[in-house]
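Close look at the chain arrangement
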Protein chains: 2
Amino acid sequence: MSDGLQPQMGQSLLFLTDEQLRKGIEAMFFAYRGFTADPDRILADKSYGRAHHRAIHFIHRSPGTTVNNLLSILGVTKQSLNRVLRTLIEDGLVASTVGQRDKRERHLHLTPAGAVLERELSDAQRDRMRAAYRAAGPAAVAGFRQVLEAMMDEETRHHYEAMKDRPE
Amino acid sequence: MSDGLQPQMGQSLLFLTDEQLRKGIEAMFFAYRGFTADPDRILADKSYGRAHHRAIHFIHRSPGTTVNNLLSILGVTKQSLNRVLRTLIEDGLVASTVGQRDKRERHLHLTPAGAVLERELSDAQRDRMRAAYRAAGPAAVAGFRQVLEAMMDEETRHHYEAMKDRPE
DNA sequence: CTTGGAATGTCAACAAAGCTGACGTATTGT
DNA sequence: ACAATACGTCAGCTTTGTTGACATTCCAAG
């Protein structure tokens, strides 16, 4: 079952041993904690959570997006998203406007106050990412992105690539 | 505030633009979903959750570990871990034995049944990781690990490195 | 034109898993 | 003897996911 180190294995395949894979799994787990730590700290003071951060991020990213679209990007149920969205709208961070063409849809935008919080959160997250990128160097960063992209579900990767090259 | 593309910037720093960092952030978010998707599916049928998976993983990894040690690796409170651990012990997947040297400690091991579930979960997770590694290639994998390690908190990295080179 | 079904979004109730705080018990070490 | 440590537990709260029921809006078939 376990690969172990098979002497006859080509050098080029050593990175696929169970041990290497396990290290990658643990690296992913521990790194994700760091990845969310800084925004989480900021949000804790404001009675918001990670779900609010995600909503704010993708609304900023795709202004005017509908609830349904946001739903499929975030991969949660609409009831779960709705709770988060409701508090953000009540608190004046997100604006929801009825669709022109289709009045069933709601188009979502960040208000100026919402944009301020988005900035604060993404600055914090980017700072850590920038430090990691700088420490690892451009070649490592390219590999990092390649592996992450290969790790996504098919459908998820479509979402990722759809917003890949939009201008900021 | 925003880096934009500064014409005078050396080519070597282009990977540090806000846009590159944002892509990395989104890649991390989407990939983590894929990373947990397969074990989550298996666990859903068994009325266990991701928290149970994490406990099982690290008990397998460090057989005989104490509750306190597991606590600091997982970064949760003892009440939270205890809830998970209690169900695993009741269900006969984890064994808790009083310490020889220090009788206050409990040493945790997987039972044969626990080892079976661990295998099932880690096989599923490794399969995806292996596919991603294979698609990206050894150089990319090295970069992937470098960036992840640089992204961890100091204390977390110590945990990660402490169990880095243990034999399986 | 009407009407029935599909799509969009909201409300209610519940579950998983995190948290704080307080407390009890056994054991260790000063 | 006594303080500190390791563990377990009770109670109660929060965030964030779930399902089920329901209102509104749109569209297309009759």
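Use the structure listed above.
Residues numbered from 1 in each chain as written. Chains lettered and ligands numbered in written order. Predicted model: local features only at pLDDT ≥ 70, side-chain atom pairs only at ≥ 80, totals over all residues. Heavy atoms only, no water.

Re the protein's contact with DNA strand D
Taken together, 24 residues lie around DNA strand D, and Arg50(A), Arg54(A), Arg83(A), Lys78(B) and Arg104(B) are the ones closest in. In DNA strand D, atoms within 4 Å of the protein come 58% from sugar and phosphate. At a separation of 2.4 Å, a phosphate oxygen of DNA strand D approaches a polar backbone atom of Arg50(A). The separation between a phosphate oxygen of DNA strand D and a polar side-chain atom of Arg86(B) is 3.4 Å. Elements with a minimum of two residues in the surface near DNA strand D: α2 (50-61) and α4 (78-90) of chain A together with α3 (67-74) and α4 (78-90) of chain B. Along the lines of polarity and charge, the residues of the surface near DNA strand D split into three nonpolar, 10 polar and 11 charged. (Near = heavy atom within 4 Å. Polar contact = N/O pair within 3.5 Å; in protein donor to acceptor, adjacent residues only side chain to side chain. Helix = DSSP H or I, 4+ residues; strand = E, 2+ residues; numbered from the N terminus. Nonpolar A, V, L, I, M, F, W, Y, C, P; charged D, E, K, R; others polar.)

Some remarks on the packing of helix α1 (residues 18-44) of chain A against helix α5 (residues 112-136) of chain B
In the contact formed by α1(A) and α5(B), the axes pass within 9 Å of each other and the chain directions differ by 95 degrees. Relative to α5(B), α1(A) is oriented roughly perpendicular. Contacts from Asp18(A), Gln20(A), Leu21(A), Gly24(A) and Ile25(A) in α1(A) reach Arg119(B), Gln125(B), Arg126(B), Met129(B), Arg130(B) and Tyr133(B) in α5(B). The residue makeup of the contact of α1(A) with α5(B), split by class, is four nonpolar, three polar and four charged. (Axes fitted to C-alpha atoms, helices over the stretch in contact; angles between N-to-C directions. Parallel < 35°, antiparallel > 145°, perpendicular 65-115°, else oblique. Contact = heavy atoms within 4.5 Å.)

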